[in-house]
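Topology and contacts: notes
Here is how the chains run, residue by residue.
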Amino acid sequence: MSQAAATGAPRVLATTTGTHARILGIGAYRPRRLVPNSEVVDAIDSSDEWIQQRSGIRTRRFAEPDESVQMMSVAAAREALAHARIDARQIDAVVVATVSHLMQTPAIAPAIATELGCEEPAAFDISAACAGFSHGVTLAADMVRGGSARHVLVIGVERLTDILDATDRGTAFIFADGAGAAVVGPSEVPAIGPVVWGSDGEQFDLIRQREDWRDVMASPTPITPHLTMQGAAVFRWASFTMAKIGLQALDRAGITVDDLDCFVPHQANMRITDAMARAMKLPDSVRIARDVADQGNTSAASVPLALARLYEDGDARSGDVALLIAFGAGLAYAAQVVVLP
Ligand code: UT7
(Lines give C-alpha, C1' and ligand atoms only; values in the text may rest on other atoms or scores of the structure.)
Protein backbone atom coordinates (compact mmCIF):
# COMPACT_ATOMS: atom_id res chain seq x y z
CA MET A 1 0.00 0.00 0.00
CA SER A 2 1.31 3.45 -0.92
CA GLN A 3 2.09 5.96 1.78
CA ALA A 4 -0.76 8.19 0.50
CA ALA A 5 -3.26 5.34 0.88
CA ALA A 6 -1.95 4.47 4.30
CA THR A 7 -2.44 8.04 5.52
CA GLY A 8 -5.87 8.41 3.87
CA ALA A 9 -4.55 11.18 1.57
CA PRO A 10 -5.91 11.28 -1.99
CA ARG A 11 -4.10 8.89 -4.32
CA VAL A 12 -4.66 10.96 -7.47
CA LEU A 13 -4.87 14.68 -8.07
CA ALA A 14 -8.18 16.14 -9.26
CA THR A 15 -8.59 18.97 -11.76
CA THR A 16 -10.17 22.10 -10.37
CA THR A 17 -10.58 25.44 -12.14
CA GLY A 18 -13.04 27.75 -10.38
CA THR A 19 -13.72 29.23 -13.81
CA HIS A 20 -17.14 29.70 -15.44
CA ALA A 21 -18.03 29.01 -19.08
CA ARG A 22 -19.52 30.99 -21.94
CA ILE A 23 -20.23 30.73 -25.63
CA LEU A 24 -17.50 32.77 -27.33
CA GLY A 25 -18.61 32.49 -30.94
CA ILE A 26 -21.33 31.12 -33.23
CA GLY A 27 -21.09 29.94 -36.83
CA ALA A 28 -23.43 28.56 -39.50
CA TYR A 29 -23.34 26.82 -42.85
CA ARG A 30 -26.51 26.72 -44.97
CA PRO A 31 -26.41 24.51 -48.07
CA ARG A 32 -26.59 26.41 -51.34
CA ARG A 33 -29.70 24.77 -52.80
CA LEU A 34 -32.98 26.34 -51.68
CA VAL A 35 -35.88 23.90 -52.04
CA PRO A 36 -39.41 25.37 -52.05
CA ASN A 37 -42.46 23.35 -50.96
CA SER A 38 -43.45 23.02 -54.61
CA GLU A 39 -40.45 20.74 -55.14
CA VAL A 40 -41.43 18.19 -52.46
CA VAL A 41 -45.24 18.12 -52.64
CA ASP A 42 -45.81 15.81 -55.61
CA ALA A 43 -44.03 12.82 -54.10
CA ILE A 44 -46.14 13.07 -50.89
CA ASP A 45 -49.50 14.14 -52.35
CA SER A 46 -49.37 17.40 -50.38
CA SER A 47 -49.57 21.13 -51.08
CA ASP A 48 -47.65 24.29 -50.33
CA GLU A 49 -50.67 25.54 -48.38
CA TRP A 50 -50.92 22.39 -46.18
CA ILE A 51 -47.19 22.43 -45.37
CA GLN A 52 -47.20 26.12 -44.48
CA GLN A 53 -50.33 25.80 -42.33
CA ARG A 54 -49.20 22.69 -40.43
CA SER A 55 -45.50 23.47 -40.04
CA GLY A 56 -44.75 27.06 -41.05
CA ILE A 57 -42.14 25.80 -43.55
CA ARG A 58 -41.88 27.66 -46.88
CA THR A 59 -38.47 26.47 -48.06
CA ARG A 60 -35.60 24.35 -46.81
CA ARG A 61 -32.04 23.68 -47.96
CA PHE A 62 -30.81 20.37 -49.32
CA ALA A 63 -27.10 19.65 -49.50
CA GLU A 64 -25.48 18.95 -52.85
CA PRO A 65 -22.92 16.13 -53.25
CA ASP A 66 -19.92 18.27 -52.26
CA GLU A 67 -21.70 19.59 -49.15
CA SER A 68 -20.79 16.63 -46.95
CA VAL A 69 -21.20 16.41 -43.18
CA GLN A 70 -17.49 17.19 -42.86
CA MET A 71 -17.51 20.08 -45.35
CA MET A 72 -20.52 21.79 -43.74
CA SER A 73 -19.09 21.27 -40.24
CA VAL A 74 -15.73 22.78 -41.15
CA ALA A 75 -17.41 25.83 -42.73
CA ALA A 76 -19.64 26.46 -39.69
CA ALA A 77 -16.74 25.87 -37.30
CA ARG A 78 -14.45 28.33 -39.14
CA GLU A 79 -17.13 31.01 -38.75
CA ALA A 80 -17.55 30.24 -35.04
CA LEU A 81 -13.76 30.35 -34.48
CA ALA A 82 -13.53 33.70 -36.27
CA HIS A 83 -16.44 35.09 -34.23
CA ALA A 84 -14.75 33.85 -31.03
CA ARG A 85 -11.32 35.11 -32.19
CA ILE A 86 -9.90 31.73 -31.29
CA ASP A 87 -7.33 29.88 -33.38
CA ALA A 88 -8.09 26.23 -34.20
CA ARG A 89 -4.88 25.31 -32.38
CA GLN A 90 -6.42 26.56 -29.11
CA ILE A 91 -9.26 24.03 -29.31
CA ASP A 92 -8.82 21.19 -26.80
CA ALA A 93 -11.97 19.24 -27.66
CA VAL A 94 -14.33 18.89 -30.62
CA VAL A 95 -17.84 17.56 -29.94
CA VAL A 96 -19.98 16.79 -32.99
CA ALA A 97 -23.72 16.21 -32.57
CA THR A 98 -25.19 14.37 -35.55
CA VAL A 99 -27.34 11.42 -36.60
CA SER A 100 -26.41 11.56 -40.27
CA HIS A 101 -22.69 10.78 -40.39
CA LEU A 102 -23.26 7.53 -42.24
CA MET A 103 -20.36 5.52 -40.92
CA GLN A 104 -20.68 3.47 -37.76
CA THR A 105 -17.07 4.14 -36.86
CA PRO A 106 -14.92 6.17 -36.59
CA ALA A 107 -16.64 9.34 -35.44
CA ILE A 108 -16.47 12.28 -37.86
CA ALA A 109 -15.13 14.66 -35.18
CA PRO A 110 -11.41 13.76 -35.51
CA ALA A 111 -11.50 14.30 -39.31
CA ILE A 112 -13.19 17.68 -38.83
CA ALA A 113 -10.67 18.67 -36.16
CA THR A 114 -7.74 17.74 -38.40
CA GLU A 115 -9.13 19.66 -41.39
CA LEU A 116 -9.58 22.70 -39.15
CA GLY A 117 -5.95 22.52 -38.01
CA CYS A 118 -6.65 21.64 -34.37
CA GLU A 119 -3.72 20.00 -32.61
CA GLU A 120 -4.77 16.52 -31.49
CA PRO A 121 -7.84 17.58 -29.50
CA ALA A 122 -10.21 15.13 -27.87
CA ALA A 123 -12.75 14.62 -30.64
CA PHE A 124 -15.92 12.56 -30.56
CA ASP A 125 -19.51 12.42 -31.81
CA ILE A 126 -22.66 12.40 -29.71
CA SER A 127 -26.09 11.10 -30.71
CA ALA A 128 -28.99 12.99 -29.17
CA ALA A 129 -30.74 13.83 -32.46
CA CYS A 130 -32.47 17.22 -32.46
CA ALA A 131 -31.36 17.80 -28.85
CA GLY A 132 -27.72 17.09 -29.75
CA PHE A 133 -26.36 20.64 -29.94
CA SER A 134 -27.76 21.55 -26.52
CA HIS A 135 -26.29 18.34 -25.10
CA GLY A 136 -22.94 19.34 -26.65
CA VAL A 137 -23.04 22.84 -25.15
CA THR A 138 -23.80 21.27 -21.76
CA LEU A 139 -20.85 18.89 -22.02
CA ALA A 140 -18.58 21.70 -23.24
CA ALA A 141 -19.52 24.00 -20.36
CA ASP A 142 -18.87 21.23 -17.85
CA MET A 143 -15.54 20.39 -19.52
CA VAL A 144 -14.41 24.03 -19.31
CA ARG A 145 -15.60 24.35 -15.71
CA GLY A 146 -14.16 20.96 -14.74
CA GLY A 147 -10.78 21.58 -16.33
CA SER A 148 -10.68 18.85 -18.98
CA ALA A 149 -10.62 21.45 -21.78
CA ARG A 150 -10.14 25.21 -22.01
CA HIS A 151 -11.78 25.75 -25.39
CA VAL A 152 -14.36 23.35 -26.83
CA LEU A 153 -15.80 23.41 -30.35
CA VAL A 154 -19.39 22.15 -30.47
CA ILE A 155 -20.88 21.36 -33.88
CA GLY A 156 -24.45 20.38 -34.76
CA VAL A 157 -24.59 19.02 -38.30
CA GLU A 158 -27.03 17.02 -40.41
CA ARG A 159 -27.34 15.77 -43.98
CA LEU A 160 -30.76 14.31 -43.33
CA THR A 161 -31.62 14.09 -47.02
CA ASP A 162 -29.35 11.00 -47.12
CA ILE A 163 -31.74 9.18 -44.76
CA LEU A 164 -35.06 10.71 -45.85
CA ASP A 165 -37.69 8.84 -47.83
CA ALA A 166 -38.91 11.46 -50.32
CA THR A 167 -42.29 9.67 -50.44
CA ASP A 168 -42.87 9.65 -46.66
CA ARG A 169 -45.64 12.19 -45.95
CA GLY A 170 -44.62 12.52 -42.31
CA THR A 171 -40.97 13.51 -42.82
CA ALA A 172 -40.13 14.45 -46.42
CA PHE A 173 -41.27 18.08 -46.15
CA ILE A 174 -39.89 18.73 -42.66
CA PHE A 175 -36.28 17.63 -42.46
CA ALA A 176 -33.33 19.34 -44.15
CA ASP A 177 -29.55 19.84 -44.10
CA GLY A 178 -27.06 22.28 -42.57
CA ALA A 179 -24.47 22.87 -39.84
CA GLY A 180 -24.04 25.21 -36.89
CA ALA A 181 -21.19 25.58 -34.43
CA ALA A 182 -20.23 27.25 -31.17
CA VAL A 183 -16.94 27.79 -29.37
CA VAL A 184 -17.27 27.40 -25.59
CA GLY A 185 -14.53 28.73 -23.35
CA PRO A 186 -13.72 30.20 -19.95
CA SER A 187 -15.54 33.16 -18.43
CA GLU A 188 -15.10 35.25 -15.31
CA VAL A 189 -18.85 35.27 -14.71
CA PRO A 190 -21.49 32.55 -15.23
CA ALA A 191 -22.75 32.75 -18.83
CA ILE A 192 -24.14 29.24 -19.42
CA GLY A 193 -26.86 28.43 -16.92
CA PRO A 194 -27.60 25.02 -15.40
CA VAL A 195 -29.03 22.56 -17.89
CA VAL A 196 -32.43 20.95 -17.54
CA TRP A 197 -32.20 17.77 -19.57
CA GLY A 198 -33.67 14.32 -19.71
CA SER A 199 -35.14 11.56 -21.83
CA ASP A 200 -38.19 9.32 -22.13
CA GLY A 201 -37.32 5.91 -23.53
CA GLU A 202 -41.00 4.90 -23.31
CA GLN A 203 -41.33 6.95 -26.52
CA PHE A 204 -38.23 5.48 -28.18
CA ASP A 205 -40.15 4.50 -31.31
CA LEU A 206 -41.70 7.90 -32.12
CA ILE A 207 -38.73 9.13 -34.19
CA ARG A 208 -36.36 6.45 -35.36
CA GLN A 209 -34.40 4.80 -38.12
CA ARG A 210 -37.11 2.59 -39.62
CA GLU A 211 -34.98 -0.54 -40.15
CA ASP A 212 -32.02 -1.27 -37.90
CA TRP A 213 -28.73 -2.44 -39.44
CA ARG A 214 -29.46 -6.10 -38.63
CA ASP A 215 -32.68 -5.89 -40.69
CA VAL A 216 -30.76 -4.24 -43.51
CA MET A 217 -28.04 -6.90 -43.50
CA ALA A 218 -30.53 -9.77 -43.26
CA SER A 219 -32.78 -8.50 -46.04
CA PRO A 220 -32.66 -10.59 -49.23
CA THR A 221 -33.36 -7.43 -51.25
CA PRO A 222 -31.42 -4.17 -50.79
CA ILE A 223 -33.11 -1.73 -48.40
CA THR A 224 -32.09 1.75 -47.30
CA PRO A 225 -32.87 2.56 -43.69
CA HIS A 226 -34.93 5.75 -43.49
CA LEU A 227 -35.96 8.19 -40.81
CA THR A 228 -39.54 7.83 -39.66
CA MET A 229 -41.63 9.91 -37.24
CA GLN A 230 -45.03 9.66 -35.58
CA GLY A 231 -45.49 13.40 -35.98
CA ALA A 232 -48.74 13.97 -34.12
CA ALA A 233 -47.51 12.20 -30.95
CA VAL A 234 -44.21 14.10 -31.03
CA PHE A 235 -46.13 17.32 -31.62
CA ARG A 236 -48.27 16.73 -28.48
CA TRP A 237 -45.24 15.86 -26.34
CA ALA A 238 -43.24 18.89 -27.52
CA SER A 239 -46.10 21.37 -27.25
CA PHE A 240 -47.18 20.35 -23.74
CA THR A 241 -43.93 19.32 -22.07
CA MET A 242 -41.18 21.52 -23.47
CA ALA A 243 -42.56 24.84 -22.16
CA LYS A 244 -42.29 23.45 -18.62
CA ILE A 245 -38.69 22.42 -19.28
CA GLY A 246 -37.93 25.93 -20.58
CA LEU A 247 -39.42 27.54 -17.48
CA GLN A 248 -37.38 25.20 -15.28
CA ALA A 249 -34.20 26.28 -17.11
CA LEU A 250 -35.05 29.94 -16.47
CA ASP A 251 -35.73 29.18 -12.83
CA ARG A 252 -32.46 27.30 -12.40
CA ALA A 253 -30.59 30.22 -13.99
CA GLY A 254 -32.28 32.54 -11.46
CA ILE A 255 -34.20 34.59 -14.03
CA THR A 256 -37.78 35.01 -15.28
CA VAL A 257 -39.24 35.52 -18.75
CA ASP A 258 -38.96 39.28 -18.14
CA ASP A 259 -35.14 38.99 -18.09
CA LEU A 260 -35.06 37.19 -21.42
CA ASP A 261 -33.98 38.86 -24.69
CA CYS A 262 -34.15 35.89 -27.10
CA PHE A 263 -35.88 32.52 -27.29
CA VAL A 264 -34.18 29.94 -29.50
CA PRO A 265 -36.17 26.70 -29.57
CA HIS A 266 -35.38 23.71 -31.78
CA GLN A 267 -36.86 24.55 -35.19
CA ALA A 268 -39.29 21.63 -35.42
CA ASN A 269 -42.52 23.32 -36.37
CA MET A 270 -43.67 26.97 -36.15
CA ARG A 271 -46.81 25.85 -34.30
CA ILE A 272 -44.72 24.17 -31.59
CA THR A 273 -42.64 27.36 -31.22
CA ASP A 274 -45.84 29.42 -30.90
CA ALA A 275 -47.37 26.98 -28.41
CA MET A 276 -44.24 27.09 -26.24
CA ALA A 277 -44.06 30.89 -26.34
CA ARG A 278 -47.75 31.11 -25.30
CA ALA A 279 -47.41 28.52 -22.53
CA MET A 280 -44.32 30.26 -21.15
CA LYS A 281 -46.09 33.64 -21.39
CA LEU A 282 -43.10 35.23 -23.11
CA PRO A 283 -43.43 39.02 -23.24
CA ASP A 284 -43.62 40.62 -26.71
CA SER A 285 -40.14 42.05 -26.17
CA VAL A 286 -38.55 38.57 -26.44
CA ARG A 287 -37.13 37.97 -29.94
CA ILE A 288 -38.14 34.47 -31.07
CA ALA A 289 -36.11 32.43 -33.58
CA ARG A 290 -38.31 31.37 -36.50
CA ASP A 291 -35.68 29.96 -38.83
CA VAL A 292 -37.80 26.87 -39.59
CA ALA A 293 -39.75 28.87 -42.19
CA ASP A 294 -36.77 29.03 -44.57
CA GLN A 295 -34.52 26.28 -43.23
CA GLY A 296 -36.82 23.40 -42.34
CA ASN A 297 -35.96 21.14 -39.42
CA THR A 298 -32.21 20.47 -39.42
CA SER A 299 -32.17 18.40 -36.22
CA ALA A 300 -28.84 18.89 -34.39
CA ALA A 301 -28.03 21.94 -36.53
CA SER A 302 -31.30 23.75 -35.92
CA VAL A 303 -30.55 25.64 -32.68
CA PRO A 304 -27.18 27.10 -33.77
CA LEU A 305 -28.56 27.90 -37.24
CA ALA A 306 -31.56 29.65 -35.68
CA LEU A 307 -29.29 31.57 -33.34
CA ALA A 308 -27.05 32.62 -36.22
CA ARG A 309 -30.14 33.84 -38.10
CA LEU A 310 -31.11 36.04 -35.15
CA TYR A 311 -27.68 37.72 -35.40
CA GLU A 312 -28.00 38.06 -39.20
CA ASP A 313 -31.40 39.74 -38.78
CA GLY A 314 -30.11 42.11 -36.07
CA ASP A 315 -32.35 40.44 -33.46
CA ALA A 316 -29.51 39.12 -31.28
CA ARG A 317 -26.73 41.21 -29.77
CA SER A 318 -23.68 40.50 -27.66
CA GLY A 319 -24.70 40.31 -24.00
CA ASP A 320 -28.30 39.29 -24.71
CA VAL A 321 -29.78 36.59 -22.49
CA ALA A 322 -31.19 33.68 -24.52
CA LEU A 323 -33.07 30.50 -23.67
CA LEU A 324 -32.01 27.54 -25.84
CA ILE A 325 -34.23 24.47 -25.86
CA ALA A 326 -33.86 21.40 -28.04
CA PHE A 327 -35.88 18.18 -28.21
CA GLY A 328 -36.35 15.17 -30.42
CA ALA A 329 -35.66 11.47 -30.96
CA GLY A 330 -35.06 9.40 -27.85
CA LEU A 331 -37.14 11.16 -26.80
CA ALA A 332 -34.46 13.50 -25.46
CA TYR A 333 -34.37 17.15 -24.50
CA ALA A 334 -32.06 19.82 -23.06
CA ALA A 335 -32.57 23.48 -22.19
CA GLN A 336 -30.26 26.15 -20.83
CA VAL A 337 -29.99 29.92 -20.52
CA VAL A 338 -26.92 31.48 -22.14
CA VAL A 339 -25.46 34.95 -22.44
CA LEU A 340 -24.80 35.56 -26.13
CA PRO A 341 -21.29 36.32 -27.41
O1 UT7 B 1 -37.37 17.35 -34.78
C2 UT7 B 1 -37.81 16.39 -33.90
C3 UT7 B 1 -39.10 16.77 -33.29
N4 UT7 B 1 -40.10 16.78 -34.29
C5 UT7 B 1 -41.20 17.48 -34.14
O6 UT7 B 1 -41.35 18.15 -33.15
C7 UT7 B 1 -42.26 17.35 -35.19
C8 UT7 B 1 -43.61 17.30 -34.53
N9 UT7 B 1 -44.73 17.02 -35.44
C10 UT7 B 1 -45.15 17.91 -36.40
O11 UT7 B 1 -44.53 18.91 -36.62
C12 UT7 B 1 -46.47 17.60 -37.06
O13 UT7 B 1 -47.03 16.46 -36.46
C14 UT7 B 1 -46.40 17.42 -38.60
C15 UT7 B 1 -46.12 18.74 -39.25
C16 UT7 B 1 -45.33 16.39 -38.93
C17 UT7 B 1 -47.72 16.89 -39.13
O18 UT7 B 1 -48.76 17.79 -38.81
P19 UT7 B 1 -50.06 17.28 -38.05
O20 UT7 B 1 -50.94 18.44 -37.91
O21 UT7 B 1 -49.65 16.58 -36.78
O22 UT7 B 1 -50.67 16.25 -39.09
P23 UT7 B 1 -51.24 14.78 -38.83
O24 UT7 B 1 -50.15 13.79 -38.95
O25 UT7 B 1 -52.06 14.77 -37.57
O26 UT7 B 1 -52.22 14.62 -40.07
C27 UT7 B 1 -53.38 15.44 -40.21
C28 UT7 B 1 -54.04 15.19 -41.56
C29 UT7 B 1 -54.31 13.72 -41.83
O30 UT7 B 1 -55.50 13.67 -42.60
P31 UT7 B 1 -56.91 13.35 -41.90
O32 UT7 B 1 -56.76 12.02 -41.26
O33 UT7 B 1 -57.15 14.45 -40.92
O34 UT7 B 1 -57.88 13.39 -43.06
C35 UT7 B 1 -53.15 13.27 -42.67
O36 UT7 B 1 -53.49 12.21 -43.53
O37 UT7 B 1 -53.14 15.60 -42.61
C38 UT7 B 1 -52.86 14.50 -43.48
N39 UT7 B 1 -51.44 14.59 -43.84
C40 UT7 B 1 -50.99 15.29 -44.88
N41 UT7 B 1 -51.61 16.03 -45.82
C42 UT7 B 1 -50.86 16.63 -46.73
C43 UT7 B 1 -50.39 14.04 -43.19
N44 UT7 B 1 -49.25 14.39 -43.81
C45 UT7 B 1 -49.58 15.17 -44.85
C46 UT7 B 1 -48.85 15.82 -45.83
N47 UT7 B 1 -49.52 16.55 -46.75
N48 UT7 B 1 -47.50 15.76 -45.89
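All figures in this text were calculated on a predicted structure; none of them were measured in a lab.

What counts as what
- Residues numbered from 1 in each chain as written.
- Predicted model: local features only at pLDDT ≥ 70, side-chain atom pairs only at ≥ 80, totals over all residues.
- Heavy atoms only, no water.
- Pairing = 2+ DSSP bridges.
- Helix = DSSP H or I, 4+ residues; strand = E, 2+ residues; numbered from the N terminus.
- Axes fitted to C-alpha atoms, helices over the stretch in contact; angles between N-to-C directions.
- Contact = heavy atoms within 4.5 Å.
- Salt bridge = Lys/Arg side-chain N within 4 Å of Asp/Glu carboxyl O.
- Buried < 20%, exposed > 50% of the residue type's maximum accessible area, 1.4 Å probe, protein only.
- Expected span 1.5 Å × (residues − 1).
- Near = heavy atom within 4 Å.
- Polar contact = N/O pair within 3.5 Å; in protein donor to acceptor, adjacent residues only side chain to side chain.
- Areas by Shrake-Rupley, 256 points an atom, 1.4 Å probe, with all protein chains shown as cover.
- Nonpolar A, V, L, I, M, F, W, Y, C, P; charged D, E, K, R; others polar.
- Domains from an automatic or database assignment.
- Buried area = accessible area lost by both parts, 1.4 Å probe.

Judged by pairing direction, the sheet is mixed, and its five strands sit side by side in the order S1-S7-S6-S4-S5 without closing on themselves. Each of the sheet's edge strands pairs with one partner strand only, and the pair in question is strand S1 (20–29) and strand S5 (122–126). Neighbour-to-neighbour, the strand axes of the sheet open up by a mean angle of 20 degrees, direction not taken into account. Here strand S6 (residues 152–159) runs beside strand S7 (residues 177–187); their pairing, made up of eight bridges, is antiparallel. What sits directly across from Gly156, in S7, is Gly180. Sitting on the sheet, helix H4 (residues 69–84) is in contact with S1, S6 and S7, with an inclination near 130 degrees to S1. Contacts from helix H11 (residues 302–312) reach S1 and S7 within the one sheet, and its direction differs from that of S1 by about 85 degrees.

Before going further, it helps to spend a moment on the pattern of salt bridges. Counted by the stated rule, this structure contains 19 salt bridges. Between Arg309 and Asp294 there is a salt bridge; the shortest N-O distance is 3.4 Å. In this pair, Arg309 is assigned in helix H11 and Asp294 in helix H10 (residues 292–295), connecting sequence segments 15 residues apart. Judged by its relative accessible area of 17%, Arg309 falls in the buried class. Linked through salt bridges whose partners overlap, the residues forming this network are Arg30, Arg58, Asp291, Asp294, Arg309 and Glu312.

On to H4. Here H4 contains 16 residues, and its C-alpha end-to-end distance of 22 Å stays within 8% of the 22 Å for a straight helix at 1.5 Å per residue. Buried residues of H4: Val69, Met72, Ser73, Val74, Ala76, Ala77, Ala80, Leu81 and Ala84, and no others. The inward-facing, buried residues of H4 abut S1, helix H5 (109–116), S6 and S7. Phi for Arg85, located one or two positions after H4, is positive at around 55 degrees.

Bringing the site of the ligand into the picture now. Inspection of the region around the ligand gives 23 residues, with Ser46, Arg54, His266, Asn269 and Asn297 positioned closest. Note that an oxygen atom of the ligand is positioned 3.4 Å from one of the backbone N or O atoms of Ala232. The side chain of Asn269 places a nitrogen or oxygen atom 2.7 Å from an oxygen atom of the ligand. For the ligand, the accessible surface in isolation is 950 Å², of which the surrounding protein chains cover 71%. Among the elements that take part in the shell around the ligand, helix H8 (residues 231–252) stands out by supplying four residues, more than any other. Per-class residue counts for the shell around the ligand are 14 nonpolar, six polar and three charged. Taken together, domain 1 (20–187) and domain 2 (196–339) each give at least three residues to the shell around the ligand, which thus spans both.

Entries for the protein in the domain assignment read domain 1 (20–187) and domain 2 (196–339). Computed from C-alpha atoms alone, the centre-to-centre distance between domain 1 and domain 2 is 14 Å. A per-residue breakdown of the area domain 1 buries against domain 2 is headed by Arg30, Cys130 and Ser134, which together make up 18% of the total. Where domain 1 touches domain 2, the interface holds four salt bridges. A salt bridge links Arg58 to Asp294; its shortest N-O distance comes to 2.9 Å. The interface formed by domain 1 and domain 2 contains 21 residue pairs in polar contact (both at pLDDT 80 or more). At the level of secondary structure, the elements contributing two or more residues to the side of domain 1 that touches domain 2 comprise S1, helix H3 (48–55), strand S3 (59–62), helix H6 (132–146), S6 and S7. No other element matches H6, which puts six residues into the side of domain 1 that touches domain 2. For the side of domain 1 that touches domain 2, the per-class residue count stands at 24 nonpolar, 15 polar and ten charged.

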